[in-house]
Amino acid sequence: MDNYNNKLEQEKDWYLSKFQTNHFLNRGIFFSWERNNYSQIFPKKQMAYYLGKLLHEKNIINPTILICPTGTGEDIKYFKSLSTNMVVLDISSEVLDKIKEPVLKYTGDIKSLPSIFLSMKFDIIITPLFYHHYLNYSFEVFLKSQYEILKPGGILIILEPS
């Protein structure tokens, strides 16, 4: 458990102080906009497109969507056309404060979703780029937590880098 709590603190620190856009690994030969567009932006646009088609086919209008973790909210733009009923969660309240979109914001750990959303259930839960940070931990606890707040027949979307 201590290792897990340490990992949570590392993730918070990364967003608040250690992530540097001008770091040498984020530019030059280590970074390209084409690679970023292909590995990050394109999959999210495709995910939103196909989710929109699925919602249309199932005649689901204005579903409740949870994005967790949300970080600085960069993924909101891909899904805001699908619903005005969007909720976001992250472990860092400081990061959530940077989000300007009109969404409900919650601070917390994905392992504890049922205790955070006591009476809320979601039609869709989107988990972008989370699980690869926790390879040394059982995914089961995270998946169980998400499943408990997903409505029957709900959709869980997990996006991970290849």
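For the structure itself, look to the data block above.
So, a few notes on the structure that sits alongside this text.

Cut-offs and rules
For every chain, the first residue of its written sequence is number 1, and the numbers climb from 1 along that sequence. Side-chain atom pairs in this predicted model are given and counted only at pLDDT of 80 or more, local residue features only at pLDDT of at least 70, and totals for whole chains, interfaces and linings cover all residues. Computation of side-chain values covers all heavy atoms of the structure but excludes hydrogens and water. What counts as a helix is a DSSP run of H or I of at least four residues, what counts as a strand is a run of E of at least two, and both are numbered from the N terminus. Burial status follows relative accessibility: with a 1.4 Å probe on protein chains alone, a residue under 20% of its type maximum counts as buried, one over 50% as exposed, and anything between as partly exposed. To qualify as a nonpolar core, a set must consist of buried Ala, Val, Leu, Ile, Met, Phe, Trp, Tyr and Cys residues joined through side-chain atoms within 4.5 Å.

Overview of unusual backbone geometry
One can expect most non-glycine residues to show negative phi and most peptide bonds to be in trans.
Phase 1 of the analysis: With an omega of -5°, the peptide bond between Cys-68 and Pro-69 qualifies as cis.
Phase 2 of the analysis: Considering the arrangement of structural elements, one finds Pro-69 in the loop between β1 (65-67) and α3 (76-79).
Phase 3 of the analysis: At Asn-59, a position not held by glycine, the phi torsion is positive, near 55°.
Phase 4 of the analysis: For Asn-62, which is not glycine, the phi torsion reads 50° and is therefore positive.
Phase 5 of the analysis: Tracing the backbone through its elements, the reader meets Asn-62 in the loop between α2 (33-57) and β1.
Phase 6 of the analysis: The class of Asn-62 is partly exposed, set by a relative accessible area of 34%.

Let's talk about the nonpolar core
Proteins that are soluble and globular tend to have nonpolar side chains buried together.
Phase 1 of the analysis: Ranked by size, the top nonpolar core spans 20 residues in total, and within it Leu-51, Ile-67, Phe-79, Ile-124 and Ile-126 carry the most contacts.
Phase 2 of the analysis: Put simply, the parts of the chain that give this core at least two residues each are α2, β1, α3, β2 (86-90), β4 (122-128) and β5 (150-159).
Phase 3 of the analysis: With 4 residues, the single largest contributor to this core is α2.
Phase 4 of the analysis: Ranked by size, the runner-up nonpolar core spans 12 residues in total, among them Cys-68, Val-87, Ile-125 and Ile-149.

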